[in-house]
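Coordinates in review
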Amino acid sequence: MPAESLYLLDQLETADMLEIDGLHASHFTLDDDLLDRAQMAAEAGEPFASEDIVVRIEASVGRERRRWAFSYNAVMEAQHLAEDGAWLLGDEPRHRLVCLGAIGVDSDD
């Protein structure tokens, strides 16, 4: 059975937090309109590419706020690093991105 293809966009849509270049970023946004256009193209069997920004990420380092923005094409071209689940994306110098999920605790036990 072939391995399922991984896409960074799929992981971004379900992530609760990101780690980018070693910094934790709980604030990030996806362009839902752009994602809807890409989905419609996929359903129609048409190719889709865009240099529009699909994800914006913010992280605080002390008093400094760092910001990143990546286009749809850059996210789709991201290289997955299977050994640690990270992604490399963007122009040189490339950024290392890890999608993280929230950890929930059930208090019923």
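Use the structure listed above.
In this text the structure is predicted, and so the values were computed from the model without any measurement.

Cut-off values and rules
- Residues numbered from 1 in each chain as written.
- Predicted model: local features only at pLDDT ≥ 70, side-chain atom pairs only at ≥ 80, totals over all residues.
- Heavy atoms only, no water.
- Helix = DSSP H or I, 4+ residues; strand = E, 2+ residues; numbered from the N terminus.
- Buried < 20%, exposed > 50% of the residue type's maximum accessible area, 1.4 Å probe, protein only.
- Contact = heavy atoms within 4.5 Å.
- Expected span 1.5 Å × (residues − 1).
- Patch = residues over 30% accessible without salt bridge, like charges linked within 9 Å, V, L, I, M, F, W, Y side chains within 5 Å.
- Areas by Shrake-Rupley, 256 points an atom, 1.4 Å probe, with all protein chains shown as cover.
- Salt bridge = Lys/Arg side-chain N within 4 Å of Asp/Glu carboxyl O.
- Lys, Arg positive; Asp, Glu negative; His and termini not counted.
- Charge placed at Lys NZ, Arg CZ, Asp CG, Glu CD.
- Core = buried A, V, L, I, M, F, W, Y, C linked by side-chain atoms within 4.5 Å.

As for the overall build of the chain
- When helices and strands are tallied, the chain shows three helices and eight strands.
- Moving toward the C terminus, one meets the helices and strands of the chain in the order α-β-β-β-α-β-β-α-β-β-β.
- Each of the 109 residues in the chain was classed as buried or not, and the buried ones make up 31%.
- Long-range pairs, those at least 24 residues apart, make up 46% of the contacts in the chain with a sequence separation of at least 6.

A few points about helix H2 (residues 32-43)
- Taking 1.5 Å of rise per residue, the twelve residues of H2 would be expected to cover 16 Å, and the 16 Å separating its terminal C-alpha atoms lies within 8% of that figure.
- At its buried positions, H2 is contacted by helix H1 (8-14), strand S3 (27-30), strand S4 (53-61) and helix H3 (72-76).
- Taken from the residues just after H2, glycine 45 is the one with a positive phi, measuring 70°.

What to know about a negative patch on the surface
- Judged by side-chain charge, Asp10, Glu13, Asp32, Asp33 and Asp36 come together as a negatively charged surface patch.
- Residue assignment for the negative patch shows that the elements contributing at least two residues are H1 and H2.

Focus: the environment of asparagine 73
- Summarising the element assignment, asparagine 73 is placed in helix H3.
- Accessibility expressed as a relative area gives 14% for asparagine 73, which makes it buried.
- The contacts of asparagine 73, once residues within four sequence positions are left out, are Ala49, Ser50 and Glu51.

Re the nonpolar core
- The biggest cluster of nonpolar side chains holds 24 residues, and the ones touching the most others in it are Leu8, Leu12, Ile57 and Val75.
- At the level of secondary structure, the elements contributing two or more residues to this core comprise H1, strand S1 (17-20), H2, S4, strand S5 (64-71), H3, strand S7 (86-89) and strand S8 (95-100).
- It is S4 that contributes the most residues to this core, four residues altogether.
- Contacts of valine 75, omitting those with residues within four sequence positions, involve Leu8, Leu9, Leu12, Val54, Val55, Phe70 and Leu89.

Here's the deal with the pattern of salt bridges
- All told, the structure shown has five salt bridges when counted by the stated rule.
- Ionic pairing is found between glutamate 58 and arginine 67, a salt bridge with its closest N-O pair at 3.6 Å.
- Look at glutamate 58 and you get partly exposed, because its relative accessible area is 23%.
- Overall, the relative accessible area of 57% leaves arginine 67 in the exposed class.

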